[in-house]
Amino acid sequence: MKISSQRISIVTHDLLMVSGAWVFAFLSRYNFSVLESEWTAFFSTLPLVLLVQGVILWWTRLYKGIWRFASVPDLWNILRAVVVGSLSIVLVLFLFNRLEGVPRSIFALYPVFLIILLGAPRLTYRMWKDHGLNFRRAPDRKRVLVLGAGRAGEMLVRDMLRDGEYLPVGFLDDNKRLKGAKVHGVPVLDRINRLPEIAEAIAADIIVIAMPSATSTQMRRVVEICENVDVEVRTLPKLHDLVSERSALTSLREVAIEDLLGRDPVSLDWKTINEGLVGRVVLVSGGGGSIGSELCRQIANLGPESLVLVERSEFNLYTIELELRREFPDLVLHCCLADVCDGVSVERVMSMYSPDFVFHAAAYKHVPMLQTNAREAVSNNVLGTKTLAVAADKYGCATFV
């Protein structure tokens, strides 16, 4: 197995820190006045300490940590390695020489020194890489005002501080409690509606909307505010797209129409819906499709008098019928193999069951495909809907959705 020079450097550093912690523990125990006999005990035990602690550091995979990204998990690894290593050293030295010449207080001092000696260099290196190197390039960096001081904003600013091309100068966030706080040293200045005056005051070059979980309504409001500022605007993608990116900084893009036209979540009044459907005959067209089948599952929970499924795919109809009969054994279920474009079949179903509610889900919905198959799209989605709606009206259906 090939070991990189960087890994060798880390191993060497950590073993030197183990030696240093053992030295400081001895020196502190004897108030920096160590006799020759006491140095003999130190040198006789040091190889065992290095061996045992080195094995434990390897076992905890501390050598695999990248100092550039040292964080809480690395600190936990250090704590775990030091505690387990100290206990193991006590055991091995006891078996080796019954702890002869080794003061017991050494084992209380050693872990404290080792935690500091292993943790401080890692933390210092990360702070230096994250902040120190960037100050020299500050005059050439674009000044960025970030909208949103949440998790996405924090990730974005962290990437900017590492990258060195951008200089985050402030956050705006509608959470009043965050005003005056700092994220990676960058202040939360005010609420988003004060964007125009703040962007001018801090001479922002770029505005970044870091709100991937925002609803379309919230995004439209933010974009409207940004339109009042003569500054370049960028945004992060939606949350489900952002998780696949390695870096938030590489995900920055212009605001797209899709950011503004998405659908906001709908809160349903299930009590009213239940009162409307209970004890009624409900028909679902396209009941075997992705939307229709889910409608059937929801409606079956609401206690209708009966549920009528209209589906032209034999397999889809068979599949949803098996599921509904298994999950809702008391449900009165009627499965009709029929096409909504077939007026005769639709008339037969309507006359037979006279539904009170019709949920029409029998439609093609893959738009790019339909654009090249316009005739089928119109036949099914337009003429099929008309055929079903006319029949529903003829047989006294109260509600057609």
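Structure: see above.
Conventions and cut-offs
- By convention here, each chain's residues receive numbers from 1 onward along its written sequence.
- The predicted origin of the model limits local features to residues at a pLDDT of at least 70 and limits the giving and counting of side-chain atom pairs to 80 or more, whereas totals for whole chains, interfaces and linings rest on all residues.
- Hydrogens and waters are ignored; side-chain quantities use all the structure's heavy atoms.
- Per the convention used, a helix needs a DSSP run of H or I reaching at least four residues, while a strand needs a run of E reaching at least two, with both numbered from the N terminus.
- By this rule the span expected of a helix is its residue count minus one, scaled by 1.5 Å.
- In this scheme, a residue with accessible area under 20% of its type's maximum is buried, one over 50% is exposed, and one in between is partly exposed, where area comes from a 1.4 Å probe on protein chains only.
- Helix axes are fitted only over the stretch in contact, all axes being lines through C-alpha atoms; the angle between N-to-C directions runs from 0 to 180 degrees.
- If an angle is under 35 degrees, it is roughly parallel; if it is over 145, roughly antiparallel; if it lies from 65 to 115, roughly perpendicular; otherwise it is oblique.
- Left-handed describes a crossing whose near helix is turned anticlockwise from the far helix through less than a right angle; right-handed describes the clockwise counterpart.
- A contact between two residues is defined here by any heavy atoms of the two lying within 4.5 Å.
- Side-chain classes are defined by residue name, with Ala, Val, Leu, Ile, Met, Phe, Trp, Tyr, Cys and Pro counting as nonpolar, Asp, Glu, Lys and Arg as charged, and the others, Gly among them, as polar.
- We count a salt bridge whenever a side-chain nitrogen from Lys or Arg sits within 4 Å of a carboxyl oxygen from Asp or Glu.

### A word on helix H2 (residues 36-59)
Then, in step 1: The end-to-end C-alpha distance of H2 is 35 Å, a good match for the 34 Å that 24 residues give at a rise of 1.5 Å each.
Then, in step 2: For H2, every residue scored as buried is listed here: Glu38, Ala41, Phe42, Thr45, Leu46, Val49, Val52, Gln53, Gly54, Ile56 and Leu57.
Then, in step 3: The first or second residue beyond H2 is Arg61, which carries a positive phi of 60 degrees.

### With respect to the packing of helix H13 (residues 343-353) against helix H15 (residues 374-394)
Then, in step 1: Look at H13 against H15: their axes get within 10 Å of each other, and the N-to-C directions meet at 30 degrees. Comparing the axis directions of H13 and H15 gives the class roughly parallel. H15 is crossed by H13, and the crossing has right-handed handedness. Contacts from Gly343, Val346, Glu347 and Met350 in H13 reach Thr387, Leu388, Ala391, Ala392 and Lys394 in H15.
Then, in step 2: For the contact of H13 with H15, the residue count by class is five nonpolar, two polar and two charged.

### Describing the pattern of salt bridges
Then, in step 1: Counted under the stated rule, the structure contains 16 salt bridges.
Then, in step 2: When the shortest N-O distance is used, the salt bridge between Asp14 and Arg122 registers 3.0 Å. Note that Asp14 is positioned in helix H1 (residues 5-29) and Arg122 in helix H4 (residues 106-130), a separation of 108 residues in sequence. Here the two residues Asp14 and Arg122 agree in accessibility, since each one is buried.
Then, in step 3: With its nearest N and O atoms 2.4 Å apart, the salt bridge here joins Asp190 to Arg194.
Then, in step 4: Taken together, the shared-partner salt bridges in this structure form one network comprising Lys179, Asp190, Arg194 and Glu197.

Honestly, it's all geometry; don't read function into it.
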